[in-house]
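So the chains spell out like this:
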Amino acid sequence: MTTLTTAAGCPALDGLDARPAPVTQVTPQGAAWLASASAHPRSTLAAWQARPAAPAVLPCGTAFDVVNVPLVLGRRMLDLLWERGPGSGPAAVHRGRMLLFAAPGTAQRLPALLAWEEWDPAAAAPLCHGHGDAVTVPPLAAGHAAAPGPSRWLVAPGSRLPWLPGPDSLLWAFLHAARGPVSIFPSAGPDANVYDVSRRR
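Residues numbered from 1 in each chain as written. Predicted model: local features only at pLDDT ≥ 70, side-chain atom pairs only at ≥ 80, totals over all residues. Heavy atoms only, no water.

### Notes on the sheet that holds strand E3 (residues 91–94)
One key point about sheets: their strands pair by backbone hydrogen bonds, in either a parallel or an antiparallel sense. Rule in force here: For two strands to count as paired, DSSP must find a minimum of two bridges between them. Secondary structure elements follow DSSP: runs of H or I no shorter than four residues count as helices, runs of E no shorter than two count as strands, and numbering proceeds from the N terminus. In this analysis an axis means a line fitted to C-alpha atoms, helices contributing only their contacting stretch, and an angle means the value between N-to-C directions, from 0 to 180 degrees. It only takes one pair of heavy atoms within 4.5 Å for two residues to be counted as in contact.
With antiparallel pairing, the 5 strands of this open sheet are ordered in space as E5-E2-E4-E3-E7. Edge strands, defined here as strands with exactly one partner in the open sheet, are strand E5 (127–129) and strand E7 (151–155). For this sheet, the mean inter-axis angle between neighbouring strands, taken without regard to orientation, is 25°. Summarising the sheet, E3 and strand E4 (residues 97–102) pair through 4 bridges and their orientation is antiparallel. Its bridge partner lying in E4, Ala91 is registered against Leu100. The sheet contacts of helix H3 (residues 71–83) involve strand E2 (65–70), E3, E4 and E7, and relative to E2 the element is tilted by about 120°.

This is the structure we're talking about:
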């Protein structure tokens, strides 16, 4: 059995100052949490620990949902969540896509929130995996990804009860990452009169 790096778990967050640094390798507690998604957690965990270099297929909808986005967009979302938001739950790269682990129910709610935001259906939208779906997760041990499709943890599970973002946090991160920075002030045209209102008489 491979010894896994141990790190502090990720508790529910009360504020930005409470965010721990993201874990980059799966801890034994994190592996147990992942296995809890299976119908047979003990046998799943035992099989995975016997072959820590192998990825695993786990069902969504009970322990977690997964929001699946293109890699570049996912990197922007992850940066936003850590720099300006509440942090993220576990996040992985698999075959050129970003897998953001989310609270159960997110897969059902996020598409409805995007529709409410009038997100263009023709534009790229996140793939949401929830109840009835399954995803391939990276190996427990780092550095053993298969050559055809690199699979690795960016934020690894580090606790038996990791904090998971809900649909509101992921909607915010997705819209900001997809649309880029938006100013509330329109850019001035070349012939516009610009007044300095920073000084008062």
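### Observations regarding the pairing of strand E1 (residues 56–59)
The condition that has to hold: With a 1.4 Å probe rolled over the protein chains alone, any residue whose accessible area is under 20% of its type maximum counts as buried; one over 50% counts as exposed, and the rest are partly exposed.
Residue alternation in E1 divides its side chains into a buried set, Ala56 and Leu58, and an unburied set, Val57 and Pro59. Relative to strand E6 (residues 134–137), E1 runs antiparallel, the two being bridged by 4 bridges. Directly across from Val57, in E6, lies its bridge partner Thr136.

### A short note on the packing of aromatic side chains
Just so we agree on the cut-off: Classification of ring pairs uses Phe, Tyr and Trp, with its six-membered ring standing for Trp, and accepts pairs whose centres are within 6.5 Å; under 30 degrees between planes counts as stacked, over 60 as edge-to-face, and the remaining range as tilted.
Taken as a whole, this structure holds 5 aromatic pairs when the rule is applied. For the ring pair Phe64 and Phe101, a centre distance of 4.9 Å and an interplane angle of 65° mean the geometry is edge-to-face. Of this pair, Phe64 sits in the loop between E1 and E2 while Phe101 sits in strand E4; the two residues are 37 residues apart in sequence, bridging distant segments of the chain. There is no split in this pair, since Phe64 and Phe101 are both buried. An aromatic cluster is built from Trp33, Phe64, Phe101 and Trp153, whose rings are joined through pairwise contacts.

### Concerning the packing of H3 against helix H5 (residues 167–179)
Applied cut-off: Here the word oblique covers every angle except those under 35 degrees (roughly parallel), over 145 (roughly antiparallel) and from 65 to 115 (roughly perpendicular). Crossing handedness is read from the near helix: turned anticlockwise from the far helix by less than a right angle, it gives a left-handed crossing, and turned clockwise, a right-handed one. Note on residue classes: Ala, Val, Leu, Ile, Met, Phe, Trp, Tyr, Cys and Pro are nonpolar, Asp, Glu, Lys and Arg are charged, and everything else, Gly too, is polar.
At their nearest, the axes of H3 and H5 sit 9 Å apart, and the two run at 120° to each other. Judged on the interaxial angle alone, H5 and H3 are oblique. For the pair H3 and H5, the sense of crossing is right-handed. Note on element contacts: H5 touches H3 through Ser169, Leu170, Trp172, Ala173, Phe174, His176, Ala177 and Ala178, opposite Leu73, Arg76, Met77, Leu80 and Leu81. In the contact of H3 with H5, the residues fall into 10 nonpolar, 2 polar and 1 charged.

### Comments concerning the nonpolar core
Heads up, the rule is: What we call a nonpolar core is a set of buried Ala, Val, Leu, Ile, Met, Phe, Trp, Tyr and Cys residues that are connected through their side-chain atoms within 4.5 Å.
Grouped together as the largest cluster of nonpolar side chains are 26 residues, with contacts concentrated most on Trp33, Leu34, Phe64, Val66, Phe101, Val137 and Trp153. It is helix H1 (residues 28–35) that contributes the most residues to this core, 5 residues altogether. Setting aside its immediate chain neighbours within four residues, Leu34 contacts Trp48, Leu58, Phe64, Phe101, Trp153 and Pro157. In terms of nonpolar packing, the next biggest core, distinct from the first, is built from 25 residues, Val93, Leu100, Ala102 and Leu113 among them.

### Focus: H3
Basically, it comes down to this: Between the first and last residue of a helix there are one fewer steps than residues, each counted as 1.5 Å, and that sum is the expected span.
Its 13 residues give H3 an end-to-end C-alpha distance of 18 Å, which sits within 8% of 18 Å, the value for a rise of 1.5 Å per residue. Those residues of H3 lying buried are Leu73, Gly74, Met77, Leu78, Leu80, Leu81 and Trp82. Buried positions along H3 lie against E2, E3, E4, E7 and H5.

### A short note on the pairing of E4
Here E4 lies mainly inside the structure; 5 of its 6 residues are buried. In terms of strand pairing, E2 meets E4 through 6 bridges, oriented antiparallel. Within the sheet, the bridge partner assigned to Pro70 lies in E4 and is Arg97. From the end of E3 to the start of E4, which pair antiparallel, there are 2 residues, and Arg95 there has a positive phi angle of about 50°.

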